[in-house]
Amino acid sequence: MSVIDRLVREARRRAAAFRGGQPAAPSLRVAVLTCMDARIDPAKLFGLAPGEAHVLRNAGGAVTADVRRSLVISQRLLGTRAIAVVRHTGCGMLGLDEALRDDLAAEVGEHADWQVHGFADLEGDLRAALAELRADRFLLHTDQIRGFVYDVEHTGRLTEVTEVTEDGGVTGDGGVTGDGGVTGDGGVTGDGGVTGDGGVSGQAEVSGRVEVADGGDADGLARGAA
């Protein structure tokens, strides 16, 4: 039996318990962009149930033309408001560049009609991706776009990548609430964090990274999208 045959058999078995009737619009009004890495399970990571979020995946969680197209449709036709971009440690795209297209062209005789979208700096490229989305004039909502790095190799922890402004503030476009997250004005609530005046309290660090929690926080995504 082939692996696809095994998958089809499992799908048929699960169909007996299927319950339809859900609307197409995600109930949490959030879209998640992440990598296709098999170690990432977005539903498990964020505690998502079917019908709650759009999940877009590709190699590296890159902001491609097709991703932007999908996000525009997600917002304009299906009512989502927030976007979470999740990159991860040990990504195979780290260190790749467009030379791969040249290698492929030498092999098959023509260049592929897509870009590799590799990167040399995990957090730096994530910040650039967030900036690209925020500048997309076709998106209706750009005030709740946030980026995270998921440690798939050691801890399973999700860390928010924030941006330090010229005046020393920290931006997180909404931020993690509850047990210590960045708020929209650069402050951190909960059990510690960065205060509005740039001071540091509790356990948070002004390092451009804010740890969320083991397994992430689906409630945080829901609150941010509300």
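Keep in mind it's a predicted model, so treat the numbers as computed, not measured.

Within strand β1 (residues 30-35), 6 of the 6 residues are buried, which leaves it mostly tucked inside the rest of the structure. Sheet topology places β1 next to strand β2 (residues 53-58); 6 bridges connect them, and they run parallel. Bridging across to β2, Val30 finds its partner in Ala53. Looking at chain direction, β1 and strand β3 (residues 82-88) are connected through 5 bridges and run parallel. The residue bridging Leu33 from the neighbouring strand is Val85, located in β3.

On average, residues of the chain carry a pLDDT of 82, and 72% of them reach 70 or more. Low confidence marks residues 173-207, where pLDDT is under 50. Its contacts with residues over four positions away, or in another chain, come to 76 contacts.

What follows deals with the nonpolar core. Membership of the largest hydrophobic core comes to 37 residues, with the highest contact counts inside it found for Leu71 and Leu133. For this core, the elements supplying multiple residues, two or more each, are β1, α2 (42-46), α3 (65-78), β3, α5 (122-134), β4 (145-150) and β5 (157-161).

What follows concerns the side chain of His141. Of note, His141 is situated in the loop between α5 and β4. Since its relative accessible area comes to 18%, His141 is described here as buried. A distance of 3.4 Å separates a polar atom in the side chain of His141 from a polar atom in the side chain of Arg81. Those residues in contact with His141 that sit more than four places away from it in its chain are Gln75, Thr80 and Arg81.

The end-to-end C-alpha distance of α5 is 19 Å, a good match for the 18 Å that 13 residues give at a rise of 1.5 Å each. Listed in full, the buried residues belonging to α5 are Leu122, Glu123, Leu126, Ala129, Leu130 and Leu133. Buried positions in α5, seen along its axis, are confined to an arc of 115° and lie on one side of it. Between the side-chain oxygen at the start of α5 and the backbone nitrogen of Glu123 there is a gap of 3.4 Å, and the oxygen is on Asp121.

Scanning all chains against the criterion turns up 0 aromatic pairs. Seen from the ring of Phe119, Arg87 lies directly overhead, with NZ or CZ sitting 5.4 Å from the centre.

As a further point, take unusual backbone geometry. At Arg29, a residue that is not glycine, the phi angle is positive and equals roughly 55°. You can call Arg29 partly exposed: its relative accessible area is 34%. Located in the positive-phi region is His117, a residue other than glycine, with phi close to 60°. Within the element layout of this structure, His117 appears in the loop between α4 (99-108) and α5.

Attention shifts here to α3. Here α3 spans 19 Å end to end across 14 residues, near enough to the 20 Å set by a 1.5 Å rise per residue. Buried within α3 we find Val67, Leu71, Val72, Ser74 and Gln75. Here the buried residues of α3 occupy an arc of 160° about the axis, which is enough to place them on one side. More than 90 degrees from the buried face of α3, the exposed residues found are Ala65 and Leu77.

Conventions and cut-offs
- Residues numbered from 1 in each chain as written.
- Predicted model: local features only at pLDDT ≥ 70, side-chain atom pairs only at ≥ 80, totals over all residues.
- Heavy atoms only, no water.
- Buried < 20%, exposed > 50% of the residue type's maximum accessible area, 1.4 Å probe, protein only.
- Helix = DSSP H or I, 4+ residues; strand = E, 2+ residues; numbered from the N terminus.
- Pairing = 2+ DSSP bridges.
- pLDDT = per-residue confidence, 0-100.
- Contact = heavy atoms within 4.5 Å.
- Core = buried A, V, L, I, M, F, W, Y, C linked by side-chain atoms within 4.5 Å.
- Polar contact = N/O pair within 3.5 Å; in protein donor to acceptor, adjacent residues only side chain to side chain.
- Expected span 1.5 Å × (residues − 1).
- Arc of directions from axis to C-beta.
- Phe/Tyr/Trp six-rings, centres within 6.5 Å; stacked < 30°, edge-to-face > 60°.
- Lys NZ or Arg CZ within 6 Å of the ring centre and 35° of its normal.

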